[in-house]
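# Residue-level structure breakdown
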Amino acid sequence: TGHERVLDFYFPGELIGLEAMHQPHHLFNIQALTPSSFCEINYDKLHQLLSLQPNLQAHLLQLTSQKLSSYCKLLHHDMGKRLIEFLVNIKSRMGLQHETHITLPMSRADIGNYLNLTAETISRLFTRLEREGQLSVHGKRIEFGSHLA
């Protein structure tokens, strides 16, 4: 329909398509922002494996809970805190928790779409957070202030 909606960003090792586990088809499309590869897992085989491996089942539930928790956190913050929460979450999911910077693979428009904000609002928020000393922004490279790093 021409109305694209960014529902999430995925990184290596993350599961895609959990929304379709209870039905025979996926509800959403996915678009790679960088060169990517994936491994398709048959649902019936996954279900068998989960029944044989309780630790894997617990890990899958933990991943699902973390995903829901990150969505909930975004709902309860003002715009600036939502952007910070988003960036810290992305940094963690990229495996860069101990780094002081990240290079974002997505555009400001994609971030805005995900956070239900305009690209212009995202740019203004980056400017404000940079002025406050929380971030330093150089294109897609984001340096975190000392209290966020």
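This is a predicted model, so every value here is computed, not measured.

## Examining the overall build of the protein chain
The secondary structure content of the protein chain amounts to 5 helices and 3 strands. Counted from the first residue to the last, the protein chain has its helices and strands arranged as α-α-α-β-α-α-β-β. Considering only contacts within the protein chain whose residues lie at least 6 apart along the sequence, 60% involve residues at least 24 apart. Accessible area for the protein chain stands at about 10,400 Å²; split by element, carbon and sulfur atoms hold 55% of it.

## Describing the packing of aromatic side chains
For the structure shown, the criterion picks out 3 aromatic pairs. Grouping aromatic residues by their ring pairs yields a cluster made of F9, F86 and Y114.

## What to know about the packing of helix α3 (residues 79-93) against helix α4 (residues 108-115)
Put simply, α3 and α4 touch, their axes get as near as 11 Å, and they point 110° apart. One element, α3, and the other, α4, form an angle in the roughly perpendicular class. Seen from above, α3 lies across α4 with right-handed handedness. When α3 is examined against α4, the residues R82, L83 and F86 are found in contact with a partner set consisting of I111, Y114 and L115. Here the residues of the contact of α3 with α4 sort into 5 nonpolar, no polar and 1 charged.

## Comments concerning the packing of α4 against helix α5 (residues 119-131)
Contact pair α4 / α5: the axes reach a minimum separation of 8 Å and the direction vectors enclose 100°. By the angle between their directions, the pair α4 and α5 is classed as roughly perpendicular. Packed against α4, whose contacting residues are R108, A109, I111, G112 and L115, the element α5 presents A119, I122, S123 and F126 at the interface. When its residues are assigned to classes, the contact of α4 with α5 shows 6 nonpolar, 2 polar and 1 charged.

## As for helix α2 (residues 54-75)
Compared with the 32 Å implied by 1.5 Å per residue over 22 residues, the 32 Å span of α2 between its first and last C-alpha is a close match. All of the buried residues along α2 are L60, S70 and L74. The buried residues of α2 all sit within an arc of 90° when viewed along its axis, so they share a single face. Opposite the buried face of α2, at more than 90 degrees from it, the exposed residues are P54, N55, L61 and L75. Of the surrounding elements, those touching the buried residues of α2 are α1 (43-52), α3 and α4.

Cut-offs applied
- Residues numbered from 1 in each chain as written.
- Predicted model: local features only at pLDDT ≥ 70, side-chain atom pairs only at ≥ 80, totals over all residues.
- Heavy atoms only, no water.
- Helix = DSSP H or I, 4+ residues; strand = E, 2+ residues; numbered from the N terminus.
- Contact = heavy atoms within 4.5 Å.
- Areas by Shrake-Rupley, 256 points an atom, 1.4 Å probe, with all protein chains shown as cover.
- Phe/Tyr/Trp six-rings, centres within 6.5 Å; stacked < 30°, edge-to-face > 60°.
- Axes fitted to C-alpha atoms, helices over the stretch in contact; angles between N-to-C directions.
- Parallel < 35°, antiparallel > 145°, perpendicular 65-115°, else oblique.
- Left-handed = near helix turned anticlockwise from the far one by under 90°.
- Nonpolar A, V, L, I, M, F, W, Y, C, P; charged D, E, K, R; others polar.
- Expected span 1.5 Å × (residues − 1).
- Buried < 20%, exposed > 50% of the residue type's maximum accessible area, 1.4 Å probe, protein only.
- Arc of directions from axis to C-beta.

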